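Here is what each chain is made of, one letter per residue.
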Amino acid sequence: MEYVFDVFFEECFDKMERSGLSSRAGRRDIISHLNSVISGCIQGRQTATTQLAVGLAVTSAIDYHSRMKGDNYEVCLMGKYHNVLYIALRITWDWGLEDSTIVRNLLDEIFKCEKTFERLFLGALFGCNAPHFIAGWKSDFNDQDENLRAVVFFLHHSAKARAIYPTYSYAYQRLRQTKFIDVPIESCGKASPLRVALQASAPDVVLILLRHGANPCPDDGGASPVLSLLEKLAECENRCYPFQLVSCLKLLLRTVRMVELPYKPHLYAVRKEMFHTKYEALLEDGLLPPDQVYGVPTLKHTCRCLVRDVLRDNFQLPGGVLKLPLPRKMQKYIDLLD
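Residues numbered from 1 in each chain as written. Predicted model: local features only at pLDDT ≥ 70, side-chain atom pairs only at ≥ 80, totals over all residues. Heavy atoms only, no water.

(A) Just the overall build of the chain, in detail. Along the chain, the regular secondary structure elements total 15 helices and 2 strands. For the chain, the spread of C-alpha atoms along the three principal axes comes to 75 × 45 × 35 Å. The buried share of the chain, taken over its 338 residues, is 50%. Here the analysis covers contacts within the chain between residues at least 6 apart in sequence; of these, 66% occur between residues at least 24 apart. Surface accessibility of the chain: about 16,500 Å² in total, with carbon and sulfur atoms responsible for 54%. If the 41 positive side-chain charges of the chain are averaged to one point and the 39 negative ones to another, these points end up 5 Å apart. (Helix = DSSP H or I, 4+ residues; strand = E, 2+ residues; numbered from the N terminus. Buried < 20%, exposed > 50% of the residue type's maximum accessible area, 1.4 Å probe, protein only. Contact = heavy atoms within 4.5 Å. Areas by Shrake-Rupley, 256 points an atom, 1.4 Å probe, with all protein chains shown as cover. Lys, Arg positive; Asp, Glu negative; His and termini not counted. Charge placed at Lys NZ, Arg CZ, Asp CG, Glu CD.)

(B) Layout of the packing of aromatic side chains. Following the criterion strictly, the structure yields 15 aromatic pairs and no others. Centroid distance Phe-9 to Phe-13: 5.9 Å. Interplanar angle 40°. Geometry classified as tilted. Of this pair, Phe-9 and Phe-13 both sit in helix α1 (residues 2-14), separated by 4 residues, roughly a single helical turn. Note on accessibility: Phe-9 and Phe-13 belong to one class, buried. Consider the rings of Phe-153 and Phe-154, whose centres lie 5.0 Å apart with planes at 85°: the pair is edge-to-face. (Phe/Tyr/Trp six-rings, centres within 6.5 Å; stacked < 30°, edge-to-face > 60°.)

(C) Region of interest: the pairing of strand β2 (residues 174-179). Note: strand β1 (residues 164-169) against β2, 6 bridges, orientation antiparallel. Of the residues in β2, the one forming a bridge with Tyr-168 is Leu-175. With antiparallel pairing between neighbouring strands as the criterion, β1 and β2 make up a hairpin whose turn holds 4 residues, including Gln-173 at a positive phi of roughly 60°. (Pairing = 2+ DSSP bridges.)

(D) Fine view of the side chain of Arg-271. Along the polypeptide, Arg-271 turns up in helix α13 (residues 268-284). Engagement of the side chain of Arg-271 in a polar contact is seen with the side chain of Glu-260, the distance being 3.0 Å. There is a polar contact of 2.4 Å between the side chain of Arg-271 and the backbone oxygen of Val-293. (Polar contact = N/O pair within 3.5 Å; in protein donor to acceptor, adjacent residues only side chain to side chain.)

(E) Focus on the environment of Ala-281. Among the structural elements, Ala-281 can be located in helix α13. When the C-alpha positions of Ala-281 and Ala-234 are compared, they lie 7.5 Å apart, and in sequence the two are 47 residues distant.

(F) Layout of the domain arrangement of the chain. Split into domains, the chain comes out as domain 1 (1-112), domain 2 (115-222) and domain 3 (254-335). Listed as interface residues are 12 residues of domain 2 and, on the opposing side, 11 residues of domain 3. Of all residues in domain 2, the largest losses of buried area upon contact with domain 3 belong to Arg-162, Lys-179 and Arg-211, amounting jointly to 49% of the total for that side. Between Asp-335 and Arg-211 there is a salt bridge, with the nearest N and O atoms lying 2.7 Å from each other. One can count 4 residue pairs in polar contact (both at pLDDT 80 or more) joining domain 2 with domain 3. A per-class count over the side of domain 2 that touches domain 3 returns 6 nonpolar, 3 polar and 3 charged. (Domains from an automatic or database assignment. Buried area = accessible area lost by both parts, 1.4 Å probe. Salt bridge = Lys/Arg side-chain N within 4 Å of Asp/Glu carboxyl O. Nonpolar A, V, L, I, M, F, W, Y, C, P; charged D, E, K, R; others polar.)

(G) Representation of the side chain of Asp-108 in the model. Checked against the element boundaries, Asp-108 lands in helix α5 (residues 100-114). On the basis of relative accessible area, Asp-108 is assigned to the buried category, the value being 19%. In terms of polar contacts, Asp-108 uses its side chain to reach the side chain of Tyr-165, at 2.8 Å.

(H) Structural context of unusual backbone geometry. The omega torsion of the bond from Leu-317 to Pro-318 falls at -5°, within 30 degrees of zero and hence cis. Position of Pro-318 relative to the elements: it lies in the loop between α14 (299-313) and α15 (328-334). The phi torsion at Arg-162 lies on the positive side, around 55°, for a residue other than glycine. Structurally, the position occupied by Arg-162 is in the loop between α8 (144-160) and β1. Since its relative accessible area comes to 40%, Arg-162 is described here as partly exposed. Within the chain, Asn-238 stands out as a residue other than glycine whose phi angle is a positive 55°. Tracing the sequence through the fold places Asn-238 in the loop between α11 (225-234) and α12 (243-253).

Right, dumping it as structure tokens:
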């Protein structure tokens, strides 16, 4: 069966123009043909399971890209030779591939060439037509909801395979290993997916990213996400706060033990005066909990943050929450659902 998929890619791509997969329609044609080949392999061989056939198809696509890259001194030829990876990405999602190692190999191959996963994240953040205006290509998913579900699918596999990628750390001034969920989006000022979701005021996406272990204080060179939201809310006239923005703030505060100003004053009186000077209206309106700015956070909230930090460091969010020997209500609290 490996031979069938190898021949498919060699024959199909050999006759295709270099720009043959530039359009979404062109990619969907190849996806449709490859789906037919996979179905034929499953029906033609009784010993071939769906997962085996899909795994071999995706692996053949990765190998084809790797061979073409190797023939060009390890420099990706881009065009159809790179877009074959997005054919494999869509096939992986369509058939629900369960092998996390193969999924990670696919993500690794994409990162080697692009140093980002924006083609997967942008459609989930802004809708499937937005990437065409932001980065010059169209999403391979039908709508934003499908793209978002695909992101969750790949977040699950990347966590299971403990996928990490070298990205520039502004805190350490060098490359450091970063989880798939925190890899910066190049066309959005190299901001992390969480920061982009916050800037877009998309609380549903923010919740998904936080639950799956996005760093609430990403090391992408930007200001503290919490402080950025507070600045936006403080600028609202007549205290008319946008619901989406308030929702994003409340979600983010569930993952942060204390809100810190850049200078981090430790004296209670100094902290209180500073926060009241800058965000008095937000404190009066209940948008900013005093115990998270100049008081003492509750034990319950402190425990949630510490438990989530441990689970995040071990790639166990959100699945690991259900394994904790705790009542369901407490599990929901740790999982940011309560």
